[in-house]
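Survey of secondary and tertiary structure
Take a look at the letters that make up each chain.
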Amino acid sequence: MPQTDFFKSVTQITCSTLNLQKAITDLYRFLQDRVPVDAISFDTYDDEKQILHNIISMHKGEQRLVADLKVNDDLHELFMADANNDSLLSDYIPNSAELEISEQVTKRFSSRIFSGVICYLRIEGEILGVAGITRDVPNAFSNEEVELLSSLTVPLTIALVNALRFDELKAVKDQLQDDNKFLQRELAKQAGETVIGANSGLKTTLNMLSQVANTDVPVMLLGETGVGKEVLANALHRMSPRRDSPFITVNCGAIPESLVDSVLFGHEKGAFTGAGQQRKGRFERANGGTLLLDEIGELPLDAQVRLLRVLQEKKIERVGGDTEIPIDARIIAATHRDLNKLVEEGKFREDLWFRLSAFPVVIPPLRERKDDLPLLLAHFLRSCSAKLGISPPPVTLEGVDNINNYHWPGNVREMHNVVERQIILSQGEPLTFASLATSSKKSQPAPEPSVTIDIADSTDALIPTFPVSPASFPTLDEVTRMYIEKALQHCKGKIEGTDGAAALLGINPSTLRHRMRKLNITFGKKR
Ligand SMILES: Nc1ncnc2c1ncn2[C@@H]1O[C@H](COP(=O)(O)OP(=O)(O)OP(=O)(O)O)[C@@H](O)[C@H]1O
């Protein structure tokens, strides 16, 4: 085959894809019919660490798994020399610099290399990689063949540059997207720094968190989905001495299994295909601050082992790196799953569970802290309307009722979504939240006859119909007091038990007592 045709064909093969493994495999196949070749290997070169990182090695038609090679100083000098020594050796005699690593090189193939053409892939004097085309016999290549194979240097360099640039761009893009998401989350947190319910339904929870805020004790936040675990983790961070350092979150359930280590611990440039840039992991980003391991129950078992080691040793190693980096981050874990059950089922390591749950805090679901409903409603009416650039629409009394009676399986997140949707759909009309009434009826069983109350005849007396004049509008406390008194009356003053007022109102007896004290409602059976 004339050299120009050969050159044209190999350029086409190697430069028509950004996947270097495919390019080299195709090239290997192409060469088989033209030049007798036993093996081909293609490496990128990390000149800082003096490491040859193998992209692909083929020998006698088979792909070989090849470890990275540490290059000695003499060979490094040779690589770095800006000489035109692109293609060498028709009869391979390792020079003294190469001798030391030739043993390792030969491990890549089943037999010693006797003949070879080595292409140094340089651009503007900088060495990017090395390609070797070899045969297992001495003096295997004629002068013409050496010349032909030497012409591979240019297309292989172009292919490598294209692939590296593409990887770099992709990594920069990923990093930007990642940073963007992170900044968006930070902004959202800045906007919603106040914890709604801090003085009502979440008071006890926040008191507990304040007890450990000044320590580095790991905290485990447990609670249903959407209950505010991330909000409270952020509150704990802000209460702690680490408040001026980063608060980093990682959703363990959202990382593909193959990327868990890289996301948590970071990676070095060239650690794996696509790792064109060094990247810090979440642990490193959280250094000095707090790291929230959200949805910890979703972490794969083998990643749990590595996480445990990092938590014990307080050091990480980036993927593909060999340096230990000390980590000083306060760990908060969160989950909506029953971790005890996961431990029993062998899906979560008991030692990790012990390590993370030194201070477990259960966040009550929204249906158990109904005091927070009006506050959250007001908060979301304000924030969602502001986002939409409109003034907050009014809510009918029926709407308030529907909010109070609904069981909120998706907790605060659901409430946020429901309010936002209603504002959009209502087009400025008062909000009734009628859809909640339908869902409540569908999903909640009818109350037991023993604890039913004939609300129908008391509703009018308790709650005025809408619209009313502002002067006659009762406050929420007044309505709540009337409502609680009505329930106590019905239950003959009994608070606890299935026929008690707390069950009737769908709240905890302790919450009811707290409310009664707050609203000055007397205890006792004489009603
Ligand atoms: N107390 C609160 N005050 C203000 N907003 C809250 C509160 N609790 C939750 N939210 C809002 O509700 C949404 C869900 O909260 P968050 O992400 O903290 O819940 P989560 O328990 O971590 O959920 P998941 O289990 O799904 O990760 C967020 O938009 C958050 O801002």
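Residues numbered from 1 in each chain as written. Predicted model: local features only at pLDDT ≥ 70, side-chain atom pairs only at ≥ 80, totals over all residues. Heavy atoms only, no water.

In the nomenclature of an unreviewed UniProt entry, the chain is known as Sigma-54 factor interaction domain-containing protein of Halodesulfovibrio spirochaetisodalis.

Here's the deal with the site of the ligand
Keep this limit in mind: Here a residue is near a molecule or strand as soon as one of its heavy atoms is found within 4 Å of it. Polar contacts, as used here, are pairs of N or O atoms within 3.5 Å; protein pairs need one atom able to donate a hydrogen and one able to accept it. Residues neighboring in sequence count only if both atoms are side-chain atoms. Helix numbering and strand numbering both begin at the N terminus, where a helix is a DSSP run of H or I of at least 4 residues and a strand a DSSP run of E of at least 2. The nonpolar class holds Ala, Val, Leu, Ile, Met, Phe, Trp, Tyr, Cys and Pro. Asp, Glu, Lys and Arg form the charged class, and all remaining residues, Gly among them, are polar. Residue ranges assigned to each domain were obtained from an automatic or database domain assignment.
Close contacts around the ligand come from 16 residues, with Ile196, Thr225, Lys229, Glu230 and Arg413 the closest. Here an oxygen atom of the ligand sits 3.2 Å away from a polar atom, N or O, in the main chain of Val227. Broken down by secondary-structure element, the contributors of at least two residues to the shell around the ligand are helix 8 (229–239) and helix 16 (411–426). Taken together, the residues of the shell around the ligand break down into six nonpolar, four polar and six charged. When residues are assigned to domains, the shell around the ligand turns out to be shared by domain 2 (197–364) and domain 3 (370–444), each giving three or more.

Considerations on the pairing of strand 12 (residues 290–294)
Definition in use: Burial classification: accessible surface area is computed with a 1.4 Å probe over protein chains only, and a residue below 20% of its type maximum counts as buried, one above 50% as exposed, and the rest as partly exposed. Think of it this way: DSSP has to see at least two bridges between two strands before they count as a pair.
Within strand 12, five of the five residues are buried, leaving the element largely enclosed by the surrounding structure. Neither face of strand 12 is open: one carries Thr290, Leu292 and Asp294, the other Leu291 and Leu293, and all of them are buried. Sheet topology note: the strand 9 (residues 247–251)/strand 12 ladder contains five bridges and is parallel. Paired with Asn251 across the bridge in strand 12 is Asp294.

Considerations on the confidence of the model for the chain
Cut-off, in case you're wondering: Values of pLDDT, the confidence the predictor places in each residue, fall between 0 and 100. Here, two residues are considered to be in contact whenever any of their heavy atoms come within 4.5 Å of each other.
Taken residue by residue, the chain gives an average pLDDT of 81. The fraction at 70 or more is 83%. Scored below 50 in pLDDT, residues 87–97 makes 33 contacts in the model with residues more than four places away or belonging to other chains. Confidence over residues 445–470 falls short of pLDDT 50; this stretch has 24 contacts with residues more than four positions distant or in other chains.

Notes on the pairing of strand 16 (residues 359–362)
Only one face of strand 16 is buried, namely the one carrying Phe359 and Val361, since none of Pro360 and Val362 on the opposite face is buried. Relative to strand 16, strand 8 (residues 219–222) is paired through four bridges, and the arrangement is parallel. Residue pairing in the sheet places Val219 in a bridge with Phe359 of strand 16.

A word on the environment of Leu31
For Leu31, the position within the fold is in helix 2 (residues 20–32). Apart from residues no more than four positions distant in its own chain, Leu31 is found in contact with Phe6, Val37, Ile40, Ile133, Leu149 and Leu152.

Quick word on the packing of helix 7 (residues 203–212) against helix 8
This is how the line gets drawn: In this analysis an axis means a line fitted to C-alpha atoms, helices contributing only their contacting stretch, and an angle means the value between N-to-C directions, from 0 to 180 degrees. Oblique is the label for every angle not falling under 35 degrees (roughly parallel), over 145 degrees (roughly antiparallel), or within 65 to 115 degrees (roughly perpendicular). By convention the crossing between two helices is left-handed if the near helix lies anticlockwise of the far one by an angle smaller than a right angle, and right-handed if it lies clockwise.
Between helix 7 and helix 8, the least distance of the axes is 9 Å, while the angle of their chain directions is 40°. Comparing the axis directions of helix 7 and helix 8 gives the class oblique. Considering only the axes of helix 7 and helix 8, their crossing is right-handed. Here helix 7 contributes Thr205, Leu206, Leu209, Ser210 and Val212 to the contact with helix 8, which in turn contributes Leu232, Ala235, Leu236 and Met239. Class assignment for the residues of the contact of helix 7 with helix 8 results in seven nonpolar, two polar and no charged.

Some words on the sheet that holds strand 9
An order of 9-12-15-8-16 is seen for the five strands of this open sheet, with the pairing classed as parallel. Single-partner strands in this sheet number two, and they are strand 9 and strand 16. Across the sheet, the mean angle separating the axes of adjacent strands is 20° when strand polarity is ignored. Taken strand by strand, helix 7 contacts strand 8, strand 15 (330–335) and strand 16, and its axis lies near 165° from that of strand 16.

Quick word on the pattern of salt bridges
Pairing between side chains of opposite charge can happen when their charged atoms approach one another. Selection rule: Just to be clear on terms, a salt bridge is a Lys or Arg side-chain nitrogen sitting within 4 Å of an Asp or Glu carboxyl oxygen.
If you walk through the whole model with that rule in mind, you get 24 salt bridges. Two residues, Asp38 and Arg135, come together in a salt bridge whose shortest N-O distance is 3.5 Å. On the criterion of sequence distance, the pair formed by Asp38 in the loop between helix 2 and strand 1 (39–46) and Arg135 in strand 7 (residues 126–135) is long-range, its members being 97 residues apart. Here Glu284 and Arg318 are joined by a salt bridge, their closest N and O atoms 2.9 Å apart. Linking Glu284 in helix 10 (residues 282–285) with Arg318 in the loop between strand 13 (315–317) and strand 14 (324–326), this pair joins segments that are 34 residues apart in sequence. Judged by its relative accessible area of 12%, Arg318 falls in the buried class. Several salt bridges share partner residues, and in doing so they unite Asp38, Lys60, Arg135 and Asp136 into one network.

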